[in-house]
Every structure is written in structure tokens, then in C-alpha cells.
Amino acid sequence: MTFVQRGLTRRQFGAGLASLAIATATRAMSETALPTIDTHAHVFHRGLKLAPGRRYAPDYDAPLSLYLEQLDHNGISNGVLVQPSFLGTDNSYLVECLKQTSGRLRGIAVVDPAVSADELRALDHAGVVGIRLNLVGQPLPDLTSAEWKTLLAQVKAMGWQVEIQRNASDLAVLAPQLLDQGVAIVLDHYALPDPKLGVADPGFQSVLKLGTTRNVWVKISAPYRNGAAGESFAKEAYPLLRNAYGLDRLLWGSDWPHTQFEATQTYAKNRQFLDALIVDPSERAQVLASPRPLFRF
């Protein structure tokens, strides 16, 4: 049957083809115009109250405005602000920054395990999507205690994540305890294996096995926090993590402003290292976009 027999004029038929072409092109553009998300950065200034017992305190400012400049200059659409350990559980500056950016950023807070449900709801409303356990140099918490079980149940109910910074050998013990509570887990900085052992660290090998749970994510961020040969380690670790977790469970983070490594690191350098780490543009785009559902973008 010709288009004339169908009651269509040549002009109508041509318009239909044009509309189909436009729709196809629009869909293709929407599929390729993926977000680019930096899942790990910190903002602060020297006027903020510092937490007692802190391991480190910066002697410079890393304000929100400067972080947003880094995103813009490096073609990053969205970012995640992680509460720095030296600010403790006072998340007020984090919340202030989230409210200024109209949804462009999300936050990961640090809370006391006895935090109230009202406080958690207020953080959630501000754009916080998880809590951080920065356990470097700290005693391991008893995640099976009543206090922690209550907090983790609230975290799960809100659809939040638990982000952990700790060496791989301890993560192999902590992660199953969190998985038993049903929460999503994010492991910082390649899971921090022993720098002397790298991918051969038994703890790192245990972390690889967690990929089958589909409820654990790993940040491929801050290779310099994995020893002097951190970039070489990262290039060994990435294919192992990709195979164990899949691209949708790997998260890139800049770690800006690279606290304690400011002399050797920049935002651009870390973004460029991602190109060297994941040479396939399509694969890299998937990793940059994969945080979207986890962080509610």
C-alpha cells in the first residue's frame, strides 16, 4: 500500500519521516548526554569549629565557590560533598552548601550513632544521602550494638548509604556486618589495601568478593592515598574491580582539595588520570554517570 492509498500526501509522509528522525536523534542525544559526577570532595574554611581529637586540620580555605569552579572547569555536572573528619558531627556548613546549589550537589554526613530521627530527616531534606564512617586511626565500632542497629535501620529506611574509609583487611570484616543490616555500602579510595601488597593484599581480595552482593560500591578515587606507587596500583586494581563489581558499582571521585597531598595534586590532574585509567570513552562515561541513582541525582 502506498502512502497515497493510505490517505497521506507526500508532504504529510515527509513530515512524518522528519518527525521520526528528530525523535530518534533526540533520544540518541539524551542517551549520550549522561551526567558526569564527582562523588568525593570536601569544602571547609578556617572559621569553622574543629572537632576535638582530630588527626589533622587544614591551614587554608576550600570554600564552596572554589569547588564549583573546579566542576565547571573540568566539565563535571554534579558533585558530592563528604563531611571532613576534622569537622566531626557538625554538618551545618555541609548543609548550608547543599542548600545553595539547588540540587547540583549531594552530601554525605558524619553523625553520632545516637542521632535523632528528626536530625536525620532534616539532613535528608537538605540533600544528604548517607553517612560516613571515617575509621582511619579510630577503634572499630560495634555495629551489632543496639545503638548502631537503630541508626542503620534508619539509614536503610531512608535509602541512604554508609560510606567507609578504612584499610581493606578491616573492611572485609566490617562490610558483612553492614550488609547484614541491609544497607548500601560505599568503600573509599580503592578500599585502601596494604600499599606493600597492593592487589595481592588478602583484604583487597576479600573486598573483590563483595561485588557479588550488588549492594557494595567502590570509589576509584585518590590513588595517591594508596602509597607512593598509587597510580600503578590503581591501574592494576581497576580491571579487577570492574570485573568483580561491574561499571555500575564503581564511582569516580576527585578527593578535592586533596588534604595532606595539596602540594602534588590538583583537580585537573585527578580528572586526567581517570582518562589514563579508563581509556575507553564509553566505559568512562558509564563510570562517571553510574552514581546517579545511588546519590539521587
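Residues numbered from 1 in each chain as written. Predicted model: local features only at pLDDT ≥ 70, side-chain atom pairs only at ≥ 80, totals over all residues. Heavy atoms only, no water.

> I'm lost on the packing of aromatic side chains in this one. Help?
Aromatic ring pairs are described here by two measures, namely the spacing of the ring centres and the angle between the planes. Counted according to the given criterion, the structure contains seven aromatic pairs. Ring centres of Trp-252 and Tyr-267 lie 6.1 Å apart, and the angle between their planes is 75°; on these two criteria the pair is classed as edge-to-face. Here Trp-252, found in strand 8 (residues 250–253), pairs with Tyr-267, found in helix 9 (residues 267–277); they are 15 residues apart in sequence, far enough to count as distant. We classify Trp-252 as buried; its relative accessible area is 2%. Grouped by ring-pair contacts, the aromatic residues Phe-44, Tyr-60 and Phe-86 constitute a single cluster. (Phe/Tyr/Trp six-rings, centres within 6.5 Å; stacked < 30°, edge-to-face > 60°. Helix = DSSP H or I, 4+ residues; strand = E, 2+ residues; numbered from the N terminus. Buried < 20%, exposed > 50% of the residue type's maximum accessible area, 1.4 Å probe, protein only.)

> I'm lost on the pairing of strand 6 (residues 184–187) in this one. Help?
Side-chain alternation along strand 6 places Ala-184 and Val-186 on one buried face and Ile-185 and Leu-187 on a second face that is also buried. Once you follow strand 5 (residues 161–165) into helix 6 (residues 168–180) and on to strand 6, the crossover reads as right-handed. Alignment of strand 6 against strand 7 (residues 216–221), held across three bridges, turns out to be parallel. In the strand pairing of strand 7, Leu-187 is matched with Val-218. (Right-handed = clockwise from strand over helix to strand, strands pointing away. Pairing = 2+ DSSP bridges.)

> Can you walk me through the environment of Leu-179 in this structure?
In this structure, Leu-179 sits in helix 6. The spacing of Leu-179 and Val-216 is 37 residues in sequence and 8.5 Å in space, taken between C-alpha atoms. Each residue touching Leu-179, except ones within four places of it in the same chain, is listed here: Ile-185, Leu-210, Thr-213, Asn-215 and Val-216. (Contact = heavy atoms within 4.5 Å.)

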